[in-house]
Every structure is written in structure tokens, then in C-alpha cells.
Amino acid sequence: MTYLKYTCFILCFFVSVLFATDLERLDQASSFYKNNQYDDALLIYESLHKAFPNNIDIMYNLGNVHFKLKHHGYAIAYYLKALKWNPSDSDIRYNLSLARVLVDHKSESSTSIIATIINWLRLLSINASFNIMMLCLLTFLFVLRLLQLKKFNRELLSNMLVISGLFFIISFSIFSYQYSHYSEKKGVVIAKKSAVYSGPSETLSVLFYIHEGYEFTINKITGDWLEIELSNGFKGWAPASSLFIL
């Protein structure tokens, strides 16, 4: 028992030391950033990102550092990574919009009702949409159980059952859309300019060129080549070295 206590104490001590060290490095990176020492800040944030790959704040700070260094492709990529975990964060969305303005590619924003609804849906995280769907399902089952007991107003419960059922169907549709969007493999062009070929080889014909900051969906991966698809429907193969996979 004494040995176990000492072992737990030593483990807690080393964990606390490591945690304190990471906090110090985070403060140091923040200090470098405030003093316009962006290259030094970048080295620390990249190291922290390897240790904590799902930390939203580190992704966001990496986007900010790359933005200051005019690495707009990387900036967009890290903002998108952070936004994937926290879609409703206004700071991330605002900085992403600034970075997108500065790249050569101008994405066309639709003002249709459907596009507006989709943009609103993207403010929900996949966890939030799942929780809403489960809440609607539990409400539907609860009302159904009350209806089966035959102790309450049957007409009122029937109406509530229909309404809760509709809400469940809507929430399920939203979750399905969110899951499909979340599961898509996406990426960003980080090279200043890169050719897109008809197949996974530089010996094949060039279809078109892509520039830094272009966003795309990944259809296939073959070795060091990716088949990408742009928002305008253009498809082709590009070397992985010029791309950032989210």
C-alpha cells in the first residue's frame, strides 16, 4: 500500500511538472506573438500542437501566427481545423473571413435562403446537433409512454406526439447533414501555385492551376497524390506536398 502511495505521488508530481512546463511555453509563445516575434511563436505553437492536437486555442493561435507571417493557406487551414471543433466561435469565423479575403481565390457567397439555412446549421457542432436529436427522441418516447398509460388528455398528448415526432425528424436530418459534413475529407492549398493533373503523375496533362488558400474536398488518395474537387466542380490530381489535409 505504501509503495502504491509513493507511485501515485511521483506520477502526480511529474504530471504537474509537465503541465506547468506547457503553460510556461504557452505564455512564452503568447509573449513572442505580442512582440511581433512570429517565427519564434510559431515554433512553440507547432510543438504544442503536436502534444495537444485537438486543442482549439492552439489551432486558433497557429492560424493567427501564420496570418501575420502571410502564410494565408496555413492560416485558413488552422482556422478551419479550429472551426471544425467549435463552429460557433465568432473570433475564429471572423479571422477566417479575413484570411479568405487576402487569397487570390474569391469564393462566391450565395445569398439564397437554402444557403443561409446551411450557414446557420454550420454554427452547430456535431455534438450539439446529436444532443438536440437525442433530446427530441426522449421527448417523443416520453409523450408516447404517457399516451399508452391512458391517464391524461388523449387529444392533447396525440398533438404533442405529432409535434415531438416532427421535431425528432428535423433534428435527425440536421444531425445527418452535420455528420456528413464533418466526415468529409477536406483540405487547403498551401503552395503559392500548383498544377492539377489528369492523374496521379506529373507526366500527365495539366488540367488547371490552384493557388494558395483554395479549399477543396478530397475524393481519393493514391500514394503522395490526392484527387481533389473544388467548389466549382473542377476535379483533378495534385501532389500532397502542396496541400494541407484537415
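Quantities reported herein were computed from a predicted structural model and do not represent experimental measurements.

Caption draft 1: Structural context of the overall build of the protein. Of the regular secondary structure elements, the protein holds eight helices and seven strands. By the burial criterion, 33% of the 246 residues in the protein qualify as buried. Once local pairs closer than 6 in sequence are excluded, the contacts in the protein between residues at least 24 apart make up 52%.

Caption draft 2: Focus on the packing of aromatic side chains. Enumeration according to the criterion identifies nine aromatic pairs in this entry. Considering the side-chain rings of Phe175 and Tyr179, the 6.2 Å spacing of their centres and the 35 degrees angle between planes classify their relative orientation as tilted. Of this pair, Phe175 and Tyr179 are both found in helix 8 (residues 154-183), four residues apart, which corresponds to roughly one turn of the helix. Taken together, a centroid distance of 5.4 Å and an interplanar angle of 55 degrees make the contact between Phe208 and Phe234 tilted. In this pair, Phe208 is assigned in strand 3 (residues 206-211) and Phe234 in the loop between strand 5 (225-229) and strand 6 (235-239), connecting sequence segments 26 residues apart.

Caption draft 3: View of helix 7 (residues 126-149). Between its first and last C-alpha atoms helix 7 spans 35 Å; for 24 residues at 1.5 Å apiece the expected length is 34 Å, and the two agree. Those residues of helix 7 lying buried are Ile126, Ser129, Met133, Cys136, Val143, Leu146 and Leu147. Buried residues along helix 7 sit against helix 8.

Caption draft 4: Local environment of the pattern of salt bridges. Enumeration according to the criterion identifies three salt bridges in this entry. Glu184 serves as the salt-bridge partner of Lys186, at 3.0 Å between the closest nitrogen and oxygen. Residue Lys192 pairs with Glu212 through a salt bridge whose shortest N-O separation is 2.9 Å. Pair noted here: Lys192 is in the loop between strand 1 (186-189) and strand 2 (193-197) and Glu212 is in the loop between strand 3 and strand 4 (215-222), with a separation of 20 residues, a long-range link. The exposed category is assigned to Lys192, whose relative accessible area is 59%.

Caption draft 5: A look at helix 8. Across its 30 residues, helix 8 extends 42 Å between first and last C-alpha, which sits within 8% of the 44 Å expected from 1.5 Å per residue. Of the residues making up helix 8, those classed as buried are Leu157, Leu161, Ser164, Gly165, Ser171, Phe175 and Gln178. Of the residues that open helix 8, the one with a side-chain oxygen 3.1 Å from the backbone nitrogen of Glu155 is Asn153.

Caption draft 6: A look at the environment of Ser129. The topology assignment puts Ser129 in helix 7. Placed 48 residues apart in sequence, Ser129 and Tyr177 show a C-alpha to C-alpha distance of 9.7 Å. When sequence neighbours within four positions are dropped, the list of residues in contact with Ser129 reads Ile174, Phe175 and Gln178.

Caption draft 7: Fine view of the nonpolar core. The biggest cluster of nonpolar side chains holds 28 residues, and the ones touching the most others in it are Tyr45, Leu62, Val65, Ile76, Tyr79, Ile92 and Leu96. For this core, the secondary-structure elements that each account for two or more residues are helix 1 (2-34), helix 2 (38-51), helix 3 (56-68), helix 4 (72-85) and helix 5 (90-102). Counting residues per element, this core draws most heavily on helix 4, which supplies eight residues. Here Tyr79 is in contact with Tyr60, Gly63, Asn64, Phe67, Ile92, Asn95, Leu96 and Ala99, once residues within four sequence places are set aside.

Caption draft 8: Up close: the environment of Ser47. As for its placement among the helices and strands, Ser47 is situated in helix 2. By relative accessible area, Ser47 is classed as partly exposed at 30%. With 25 residues separating them along the chain, Ser47 and Asp22 place their C-alpha atoms 10.0 Å apart. Polar side-chain contacts of Ser47 include one of 2.2 Å to the side chain of Arg25.

About the thresholds
- Residues numbered from 1 in each chain as written.
- Predicted model: local features only at pLDDT ≥ 70, side-chain atom pairs only at ≥ 80, totals over all residues.
- Heavy atoms only, no water.
- Helix = DSSP H or I, 4+ residues; strand = E, 2+ residues; numbered from the N terminus.
- Buried < 20%, exposed > 50% of the residue type's maximum accessible area, 1.4 Å probe, protein only.
- Contact = heavy atoms within 4.5 Å.
- Phe/Tyr/Trp six-rings, centres within 6.5 Å; stacked < 30°, edge-to-face > 60°.
- Expected span 1.5 Å × (residues − 1).
- Salt bridge = Lys/Arg side-chain N within 4 Å of Asp/Glu carboxyl O.
- Polar contact = N/O pair within 3.5 Å; in protein donor to acceptor, adjacent residues only side chain to side chain.
- Core = buried A, V, L, I, M, F, W, Y, C linked by side-chain atoms within 4.5 Å.

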